[in-house]
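# Breakdown of the fold
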Amino acid sequence: MTRTKEITMTPETARPFIDIHVPVAAALAAGKPVVALESTIITHGMPYPDNSAMAANVEKIITDEGAVPATIAVVNGRIKIGLSDGERESLAMTGGAMKLSRADMAYAVAEGRTGGTTVAATMIAAHLVGIKVFATGGIGGVHKGAEKSFDISADLDELARTPVIVVSAGAKAILDIEKTLEVLETRGVPVVAYGSDIVPAFWSRKSPYAAPLRLDAAEKIARLYQTRAALGLDGGLLVANPVPESDEIPTERMAGYIKAAQKAAEAQNISGKAVTPFLLAKILELTNGASLKTNIALVENNARLAAKIAISLSR
Amino acid sequence: MTRTKEITMTPETARPFIDIHVPVAAALAAGKPVVALESTIITHGMPYPDNSAMAANVEKIITDEGAVPATIAVVNGRIKIGLSDGERESLAMTGGAMKLSRADMAYAVAEGRTGGTTVAATMIAAHLVGIKVFATGGIGGVHKGAEKSFDISADLDELARTPVIVVSAGAKAILDIEKTLEVLETRGVPVVAYGSDIVPAFWSRKSPYAAPLRLDAAEKIARLYQTRAALGLDGGLLVANPVPESDEIPTERMAGYIKAAQKAAEAQNISGKAVTPFLLAKILELTNGASLKTNIALVENNARLAAKIAISLSR
Amino acid sequence: MTRTKEITMTPETARPFIDIHVPVAAALAAGKPVVALESTIITHGMPYPDNSAMAANVEKIITDEGAVPATIAVVNGRIKIGLSDGERESLAMTGGAMKLSRADMAYAVAEGRTGGTTVAATMIAAHLVGIKVFATGGIGGVHKGAEKSFDISADLDELARTPVIVVSAGAKAILDIEKTLEVLETRGVPVVAYGSDIVPAFWSRKSPYAAPLRLDAAEKIARLYQTRAALGLDGGLLVANPVPESDEIPTERMAGYIKAAQKAAEAQNISGKAVTPFLLAKILELTNGASLKTNIALVENNARLAAKIAISLSR
Ligand SMILES: [Mn+2]
Ligand SMILES: [Mn+2]
Ligand SMILES: [Mn+2]
């Protein structure tokens with residue numbers, strides 16, 4: 001197919017705020033494959049030193065596949081595109097980091113703060129430097145009870161506007177997956193299940209919901225992205241990649257854990273921003289740590305697929 | 001008023017994916033009036049050969065008014081802007097066509113699939129080649145029960161972003177018209193009732209809702225569009241054109257049919273994507289076919305008004 | 001920091017529709033500080049001559065601070081950026097003005113109508129001529145009961161797209177402040193409480209909700225705006241500025257008035273667009289006019305802060 005021109009370039013005004021790690025800058029300049037990684041999984045997702053080990057390992061997987069990893073974060077007001085081993089280790093040990101999304105990313109920059117970047121903020125930063133592929137665990141979405149709380153992640157609007165391929169295991173399964181799919185459809189975001197007719201549910205390979213679209217090869221995902229860009233269609237592309245069978249916790253079993261965790265949250269009157277961390281911690285406890293093992297496995301699995309897509313795009 | 005420059009031109013990267021039918025290309029090059037038509041009404045709206053006859057007739061109406069019709073579809077991965085008689089007939093006979101919106105249009109192109117274009121996808125394709133006016137039956141909108149299901153058509157977001165005039169008979173009356181109007185207001189979309197102080201309700205000339213805006217002449221609608229473009233305001237313009245009196249099914253009578261159809265859907269446990277086709281089929285049965293006759297009449301009525309607006313814009 | 005280039009300039013096609021008041025045009029040309037003011041507060045917010053006196057006084061406050069005020073309105077189809085004393089007085093006496101938002105602003109222009117500009121329409125007009133700061137009372141937001149009515153102000157979507165700093169005392173407290181904050185987060189809009197850890201509630205300095213972001217100096221707000229623009233992040237910035245203590249009606253007291261007003265609205269079956277004016281009138285009555293005094297005080301307070309921010313931006 002016709003190669004599309006670069007759809008982004010760092011605006012000159014943005015450059016003074018951005019530090020691109022040398023191997024990433026070299027790869028971008030040479031048109032070699034780069035995969036962005038988020039950092040809230042480091043700052044807010046796991047305790048030290050698990051977070052540090054996981055982050056280093058995911059970078060290694062991307063390198064082994066033949067692409068260059070670029071973990072994104074804001075450190076002391078600098079937008080970091082790729083971290084050195086020391087910087088990554090240091091971020092993993094930072095207490096009190098912000099959790100940055102579109103609304104507060106510039107605030108962290110202007111005020112010299114440090115923060116992990118969510119899916120939305122990582123997409124923004126990746127796009128600023130021309131990285132087209134990003135691997136994460138699960139995206140944010142419509143929270144359960146959003147019909148009353150209006151609590152909907154900014155990740156969905158970001159997917160509708162910023163042209164980055166987000167490789168995930170779907171929306172985190174403590175969210176309302178059905179409503180998340182509805183909002184993505186309303187906003188015009190392609191949701192591609194990789195090798196499956198069913199949308200995966202983070203820890204589980206299956207959800208009750210049919211995949212809006214299905215593709216079975218990294219090259220096909222790359223081509224879909226290029227076709228969208230060529231047609232001038234804004235926005236990203238959500239890849240929902242089921243966790244490997246050997247690592248999954250089946251849907252029915254997870255449903256029980258999720259329900260039990262929600263019951264506990266209600267009993268203890270947990271509300272607002274505290275709900276998600278509470279649920280994840282409770283599920284970790286209920287599964288005797290298996291949920292974390294699955295979480296790590298799915299991130300690694302997504303990193304592998306993201307590298308393949310990035311390589312395909314760079315050809 | 002000052003003539004605004006063309007607000008769109010096909011991006012060079014998009015051209016390899018698009019086939020413009022010769023008479024449409026000639027009209028666009030000469031600045032002559034063109035009216036886009038959607039194709040889900042052909043692939044999903046009516047059985048063969050009714051769909052084919054209707055589509056041919058609507059094209060004839062536009063031609064007779066002095067404009068050039070451009071039925072839009074995706075055929076074997078090609079974005080078709082205007083179909084030959086043979087292509088239209090062939091599309092009308094195609095089984096298993098996709099129903100394409102913003103989220104999956106590029107997928108159909110990249111994968112070589114065939115699909116009817118919804119309001120959203122038709123707007124995108126029309127805008128890609130610089131067509132400013134599009135005639136349809138009724139737009140998608142907020143589904144009844146969306147406060148629980150979050151089921152909202154991508155047509156509304158498209159109206160907020162893509163500068164095309166959509167001439168309709170309002171939102172399909174099985175939808176929640178009141179909530180649809182609220183979302184359009186929130187998104188900043190002008191809703192202009194043509195010659196009426198009341199928003200029409202597809203099969204009926206009236207709904208319980210006051211028209212946000214009213215204009216009584218095609219020239220005025222053209223001027224509103226040009227003024228919005230001149231001011232740099234993004235997005236489309238929804239014209240709500242009441243079906244002719246001789247063809248309408250009055251609001252009160254329709255309300256009964258719609259309620260009965262919904263009751264039947266509940267009794268038979270119809271849900272999700274299956275609801276709309278079920279309701280339309282049930283209403284066809286309850287009205288002894290009158291709902292289809294009205295549907296055809298309103299599309300023709302919209303085609304006539306759209307042609308007049310396109311002629312006005314081309315002056 | 002690196003100075004960002006002007007992020008807007010009036011499109012040539014828009015100029016024929018716009019009248020810039022001479023002192024405003026001179027200030028814009030010289031890069032001097034300008035503060036936009038809305039006009040629905042004049043046409044729909046207060047009776048004559050209170051509205052006229054208030055509007056004149058707010059302009060004087062901005063002038064005294066060292067910036068140039070630009071009250072924005074549509075008069076007989078002309079977009080007015082800044083009004084002469086006579087024009088302002090005349091607008092204050094106009095009956096039957098429209099209340100203009102994104103959806104109907106171009107209609108008023110095309111049809112030669114007169115209207116007050118809401119927050120959304122004022123942002124659009126300010127941005128058209130390169131004004132970056134705008135002072136108002138309170139923004140529109142998510143209406144109470146929006147989970148059923150879907151009634152959400154277009155101001156929120158405008159904040160997500162148009163790069164103007166809106167200095168307010170928060171959302172009007174008859175709205176659902178919690179849901180308004182959720183939608184702003186989803187849409188990626190920074191909400192900065194000025195000198196407070198708590199989001200203010202229009203007539204009251206406090207609401208039950210933590211401020212998403214806090215800044216304590218006008219210069220910091222200017223810098224946040226410049227950083228966002230430099231990073232290429234679209235959209236505005238909402239400053240929530242608590243009313244001075246001496247003028248506030250405390251939260252607990254206001255809660256009682258708001259509840260009583262809502263009860264009265266239900267008892268009298270007030271619905272739709274009539275609800276807001278009814279509630280405000282009822283609250284005026286219940287507070288013996290104190291709510292209006294507070295409203296005027298908070299607008300003046302916002303004008304002062306907006307002037308400081310504009311001065312900071314012009315340095
Ligand atoms: Mn949230
Ligand atoms: Mn839907
Ligand atoms: Mn409203």
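Residues numbered from 1 in each chain as written. Chains lettered and ligands numbered in written order. Predicted model: local features only at pLDDT ≥ 70, side-chain atom pairs only at ≥ 80, totals over all residues. Heavy atoms only, no water.

## Thoughts on the relation of the copies chain B and chain C
Short version of the rule: Overlaid copies result from least-squares superposition on C-alpha atoms, with residues included only where pLDDT is at least 70 in both. Residue contacts follow a heavy-atom distance rule, with two residues in contact if any of their heavy atoms lie within 4.5 Å.
When chain B is brought onto chain C, the operation consists of a screw motion whose angular component is 120° and whose axial shift is 0.0 Å, with 0.0 Å RMSD remaining. Expressed as a symmetry operation, the mapping of one chain copy onto the other fits a three-fold axis. Proximity to the rotation axis, assessed at the C-alpha, singles out B:Glu147 in chain B; its C-alpha lies 3.6 Å from the axis. A low fraction, 10%, of the interface residues of chain B reappear at the interface in chain C, so the copies pair through non-equivalent surfaces.

## Some thoughts on the interface of chain B and chain C
A common way to report how large an interface is uses the accessible area buried once the components associate. As a reminder, the rule being used: Summed over both partners, the accessible area lost on bringing two parts together, with a 1.4 Å probe, is the buried area. Just to be clear on terms, a salt bridge is a Lys or Arg side-chain nitrogen sitting within 4 Å of an Asp or Glu carboxyl oxygen.
Contact with chain B, which involves 30 residues of that partner, is made by 28 residues of chain C. Carbon and sulfur atoms supply 60% of the area buried between chain B and chain C, which totals about 2,500 Å² over both sides. Put simply, chain B and chain C have 3 salt bridges between them. One salt bridge in this structure joins B:Asp234 and C:Arg161, with 3.6 Å as the shortest N-O distance.

## Quick notes on the pairing of strand β11 (residues 237-240) of chain C
All names here are of chain C. Inclusion rule: Using a 1.4 Å probe on the protein chains alone, a residue whose accessible area is under 20% of its type maximum counts as buried, one over 50% counts as exposed, and one in between counts as partly exposed. Secondary structure is summarised from DSSP: a helix means a run of H or I of at least four residues, a strand means a run of E of at least two, and numbering begins at the N terminus for each. Following DSSP output, two strands are said to pair if at least two bridges run between them.
Residue alternation in β11 divides its side chains into two sets, Leu237 and Val239 and Leu238 and Ala240, and both sets are buried. Where strand β8 (residues 165-168) lies against β11, 4 bridges are found, and the strand directions are parallel. Across the sheet, the residue bridging to Ile165 is Leu237, located in β11. Bridge count for strand β9 (residues 191-194) against β11 is 3 bridges, and the pairing is parallel. Residue pairing for β11: Val191 is matched across the bridge by Leu238.

## Some words on the interface of chain A and chain C
Listed by partner, the interface residues are 28 residues for chain A and 30 residues for chain C. Between chain A and chain C lies a buried interface of about 2,500 Å² when both sides are counted; carbon and sulfur atoms form 60% of it. Counting across the chain A and chain C interface gives 3 salt bridges. For the salt bridge of A:Glu111 with C:Lys220, the shortest nitrogen-to-oxygen distance reads 2.9 Å.

## Examining the packing of aromatic side chains
The condition that has to hold: Under the pairing criterion, centres of Phe, Tyr and Trp rings, with the six-membered ring standing for Trp, must be within 6.5 Å; the plane angle then separates stacked pairs below 30 degrees from edge-to-face pairs above 60, leaving the rest tilted. Two conditions define a charge located above a ring, namely a distance within 6 Å from the ring centre to NZ of Lys or CZ of Arg, and an angle within 35 degrees of the ring normal.
A complete count under the given rule lists 3 aromatic pairs over all chains for this structure. Judged by centre distance (4.9 Å) and plane angle (85°), the ring pair of B:Phe202 and B:Trp203 falls under edge-to-face. In terms of burial, B:Phe202 and B:Trp203 fall into one category: buried. Seen from the ring of C:Phe150, B:Lys179 lies directly overhead, with NZ or CZ sitting 5.5 Å from the centre.

## Focus on the confidence of the model for chain A
Residues and elements named next belong to chain A. Put simply, the rule reads: How sure the predictor is of each residue is captured by pLDDT, a score from 0 to 100.
Model confidence for chain A is summarised by a mean pLDDT of 95, while 97% of its residues fall at 70 or above. Low pLDDT (under 50) marks residues 1-8, which in the prediction has 17 contacts with non-local residues, meaning those over four places away or in another chain. Interface confidence for the predicted complex, given as ipTM, is 0.96, next to a pTM of 0.96.

## Concerning the UniProt feature "active site" (unreviewed entry) in chain A
Residue and element names in this part refer to chain A. Note the cut-off: UniProt positions are given in the numbering used here, feature names are shortened, and annotations may be inferred rather than shown by experiment.
In the numbering used here, UniProt assigns the feature "active site" (unreviewed entry) to Glu38 and Lys172. Note on placement: Glu38 falls in the loop between β2 (34-37) and α2 (40-45). Non-local contacts of Glu38, meaning those with residues more than four positions away in its chain, are made with Thr71, Ile72, Thr117, Thr122, Phe134, Ala135, Thr136 and Gly137. Mapping Lys172 onto the fold places it in the loop between β8 (165-168) and α9 (177-186). When residues no more than four places from it in sequence are discounted, the contact partners of Lys172 are Gly138, Ile139 and Phe202.

## Here's the deal with the environment of A:Ala290
Its location among the elements puts A:Ala290 in helix α13 (residues 290-314). Along the primary structure A:Ala290 and A:Arg78 are separated by 212 residues, whereas in three dimensions their C-alpha atoms are 36 Å apart.

## With respect to the pairing of strand β4 (residues 78-81) of chain A
Residue and element names in this part refer to chain A. One ladder, built from 3 bridges, connects strand β1 (residues 18-20) with β4; its direction is parallel. Each residue of the ladder has a partner; that of Ile20, found in β4, is Ile81. Bridge analysis of strand β3 (residues 68-75) against β4 gives 4 bridges, and the strand direction is antiparallel. Opposite Ala73, over in β4, you have Lys80 as the bridge partner.

## Some words on the side chain of B:Thr136
All names here are of chain B. Basically, it comes down to this: N or O atoms closer than or at 3.5 Å make up a polar contact, with two conditions inside protein: a donor-capable atom paired with an acceptor-capable one, and, for residues adjacent in sequence, both atoms drawn from side chains.
Structurally, Thr136 can be placed in the loop between β7 (133-135) and α7 (146-149). A polar side-chain atom of Thr136 sits 2.6 Å from a polar atom in the side chain of Glu38. If sequence neighbours within four positions are ignored, Thr136 has contacts with Glu38, Val119, Val166, Val167, Ser168, Val299 and Asn302.

## Quick notes on the packing of helix α10 (residues 218-230) of chain A against α13(A)
Residues and elements named next belong to chain A. Where we set the bar: Fitting a line to C-alpha atoms yields each axis, with helices limited to the stretch in contact; the angle taken between N-to-C directions then spans 0 to 180 degrees. For classification purposes, angles smaller than 35 degrees are called roughly parallel, those larger than 145 roughly antiparallel, those between 65 and 115 roughly perpendicular, and all remaining angles oblique. Crossings are classed by handedness, with left-handed meaning an anticlockwise turn of the near helix from the far one by less than a right angle and right-handed meaning a clockwise turn. Each residue gets one label: Ala, Val, Leu, Ile, Met, Phe, Trp, Tyr, Cys and Pro are nonpolar, Asp, Glu, Lys and Arg are charged, and the others, such as Gly, are polar.
At their nearest, the axes of α10 and α13 sit 8 Å apart, and the two run at 60° to each other. On the basis of the axis angle, α10 is oblique to α13. Between α10 and α13 lies a crossing of right-handed hand. Of the residues in α13, those touching α10 at Ala218, Glu219, Ile221, Ala222, Tyr225 and Gln226 are Leu305, Lys308, Ile309, Ser312 and Leu313. Residue classes in the contact of α10 with α13 are distributed as 7 nonpolar, 2 polar and 2 charged.

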